[in-house]
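Close look at the chain arrangement
Each chain is listed here by its residues.
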Amino acid sequence: MDSNIAAKIAVTPIVDQLKDYQPLFWKNPNYGQADSDLPFSKEYIFDAVARWERFAPYLAVAFPETKAMHGIIESPLTPIEHMQKAWSKYNNYDLPGTLYIKQDNALPISGSIKSRGGIYEVLKFAEKVAMTDGDLTYMDDYSVLATPRYQKIFSKYGITAGSTGNLGLSIGIAAATFGFKTTIHMSHDARTWKKEKLRANGVQVIEHDGDCNFAVAQARQQASNDPYTYFIDDEGSKDLFLGYAVAAVRLQKQLVQQHIRVDQDHPIFVYLPAGVGGSPGGVTFGLKEIIGSDIHGIFAEPTHIPSVTLGMATGLNHDISVYDIGIDGNTQADGLAVSRPSVLAGRIMKTLLRGCATFNDSEILKYVALLADSENIKIEPSAAAGFAIIKETVSALQDDYNFADATHIIWSTGGNMVPVADMQKFYQMGKELLN
Ligand SMILES: *Cc1c(COP(=O)(O)O)cnc(C)c1O
């Protein structure tokens, strides 16, 4: 092993707990400090907001399920009073504050948070091609991009990405709909139905034995040999990151509409499942830029693959993998099965993330069942990660914040496209664990 990695491991106290697969809360010591190194500002978020708006007329035509929302892809923020009771009963602990769920499990097109970043990057590439090879202008009604003339232009280009599943699903479906030649490299743990769905949409799916980081490397390799193929990089793309950040602008409005206060006496805690850290990092960056100092992002990771926690706690970010500390990387949470964090996430989160917490897989299955029974909301196991870290968060931070008037938002990152039989299986496993 690299001596720098060994040296950092030796001075990072939580490494012993991580090696033992012990659930823990890591409090970020740099939280709230000034960071003059941030690569983006608010303007980048508003640039992305404007692009989504330009594309809304296209999306409403190309994806009829977005028509009712006029081509805007957004999810509800839902109070879950019954789940709060079920959560408190299961944990034998009265949760202070109020519990909500941000339902990205219900987002159109991919049924996951990847509809934010993945689709956004496809839109950005399509806009560029349409302006250089076609004659699109910013003032046009972008629904013109759904016509055969533009589809023919797009068909000269390819798009590729590597994924454990959901990112591939969102990029694949969006890119193929534009008419791009689309290839998705899937890791060994990608679910069969995701591959089938992509193939049914005309996407070429290449299956690999390796993990997500390996699949990403294969996609990168493919694009490097072909100037007409555009690679969407889950481990370092700025556009993916900014696509996720737009969520904060939408959430700000939902908070006001639902009379949810956010100030020092009414803090908001947002619990986000993390894989490479891109989607939760983008959202958290947006929340800090748009909503400010009284909203706090916390990442949730499986004890068996805590890549962002390890990267941030050691300060090595993308330069360390969970395999460097000898843990196995096995998890039911396929959306989070990433051994090495993205290049961007750890760096940008350095002062913006309140902390990270890890959980046991059995817990998320139980919460899948509790949520289905209490609220009739069905989500995939990864998406339930937030529920599994609230208690650790409150106990780690209880002296720092007024939890009595806090709002807890569980970011539910996926679920709607999961086949009924798979969902039933997760639910059943959760029920059995609860008994
Ligand atoms: C991708 C994904 C995440 C994590 O996003 P990263 O950008 O990899 O951190 C969480 N939940 C689900 C369901 C996902 O698909």
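Residues numbered from 1 in each chain as written. Predicted model: local features only at pLDDT ≥ 70, side-chain atom pairs only at ≥ 80, totals over all residues. Heavy atoms only, no water.

1. Some remarks on the domain arrangement of the chain
By a widely used convention, the size of an interface equals the accessible area lost when the partners come together. Here the chain is partitioned into domain 1 (3-40 + 68-109 + 243-434) and domain 2 (113-240). Computed from C-alpha coordinates alone, the two centres of domain 1 and domain 2 are separated by 26 Å. The interface of domain 1 with domain 2 comprises 35 residues on the first partner and 28 residues on the second. The largest contributions to the domain 1 side of the interface with domain 2 come from Tyr 244, Asp 334 and Met 417, which together make up 25% of the buried area. Applying the counting rule to domain 1 against domain 2 returns five salt bridges. Linking Lys 194 and Asp 334 is a salt bridge whose minimum nitrogen-to-oxygen distance equals 3.5 Å. For the pair domain 1 and domain 2, the interface holds 16 residue pairs in polar contact (both at pLDDT 80 or more). When contributions to the side of domain 1 that touches domain 2 are tallied by element, the ones reaching two or more residues are helix H10 (238-257), helix H11 (278-290), helix H13 (343-349) and helix H16 (420-434). If you tally residues by element for the side of domain 1 that touches domain 2, the top one is H10, at three residues. Its residues placed into classes, the side of domain 1 that touches domain 2 shows 19 nonpolar, nine polar and seven charged. (Domains from an automatic or database assignment. Contact = heavy atoms within 4.5 Å. Buried area = accessible area lost by both parts, 1.4 Å probe. Salt bridge = Lys/Arg side-chain N within 4 Å of Asp/Glu carboxyl O. Polar contact = N/O pair within 3.5 Å; in protein donor to acceptor, adjacent residues only side chain to side chain. Helix = DSSP H or I, 4+ residues; strand = E, 2+ residues; numbered from the N terminus. Nonpolar A, V, L, I, M, F, W, Y, C, P; charged D, E, K, R; others polar.)

2. Considerations on the side chain of Asn 213
On the secondary structure map, Asn 213 appears in helix H9 (residues 212-224). Reaching out from Asn 213, the side chain makes a polar contact with the backbone oxygen of Arg 340 at a distance of 3.2 Å. If near-sequence neighbours (up to four positions away) are discounted, Asn 213 is found in contact with Glu 235, Val 338, Ser 339 and Arg 340.

3. As for the sheet that holds strand E3 (residues 98-103)
The strand order across the open sheet formed by seven strands is E1-E10-E9-E8-E11-E3-E2, and the pairing between neighbours is mixed. Where the open sheet ends on each side, the last strands, each with one partner, are strand E1 (25-27) and strand E2 (77-79). Between one strand and the next, the sheet's axes are offset by a mean angle of 25 degrees, whatever the strand orientation. Two strands pair when backbone bridges link them, and E1 and strand E10 (residues 353-359) are joined in this way by three bridges, in the antiparallel orientation. Bridged to Phe 25 within E10 is Ala 357. Those strands touched by H11 are strand E8 (268-273), strand E9 (295-302), E10 and strand E11 (407-412), and its axis lies near 170 degrees from that of E9. (Pairing = 2+ DSSP bridges. Axes fitted to C-alpha atoms, helices over the stretch in contact; angles between N-to-C directions.)

4. What about the UniProt feature "modified residue: N6-(pyridoxal phosphate)lysine" (unreviewed entry) in the chain?
The positions UniProt marks with the feature "modified residue: N6-(pyridoxal phosphate)lysine" (unreviewed entry) are Lys 114. Tracing the backbone shows Lys 114 in helix H5 (residues 114-132). Here Lys 114 is in contact with Ile 119, Asn 166, Leu 167, Ser 170 and Tyr 244, once residues within four sequence places are set aside. (UniProt positions renumbered as here; feature names shortened; annotations may be inferred.)

5. Description of the packing of aromatic side chains
Enumeration according to the criterion identifies 23 aromatic pairs in this entry. Relative to Tyr 157, the ring of Phe 125 lies with its centre 5.9 Å away and its plane at 80 degrees, an arrangement referred to as edge-to-face. Of this pair, Phe 125 sits in helix H5 while Tyr 157 sits in the loop between helix H6 (148-154) and strand E4 (158-163); the two residues are 32 residues apart in sequence, bridging distant segments of the chain. You'll find Phe 125 and Tyr 157 in the same group, each marked buried. Centre to centre, the rings of Tyr 157 and Tyr 228 are 5.5 Å apart; their planes meet at 55 degrees, and the pair counts as tilted. Here Tyr 157 is found in the loop between H6 and E4, whereas its partner Tyr 228 is found in the loop between H9 and strand E7 (229-232), with 71 residues between them in sequence. (Phe/Tyr/Trp six-rings, centres within 6.5 Å; stacked < 30°, edge-to-face > 60°. Buried < 20%, exposed > 50% of the residue type's maximum accessible area, 1.4 Å probe, protein only.)

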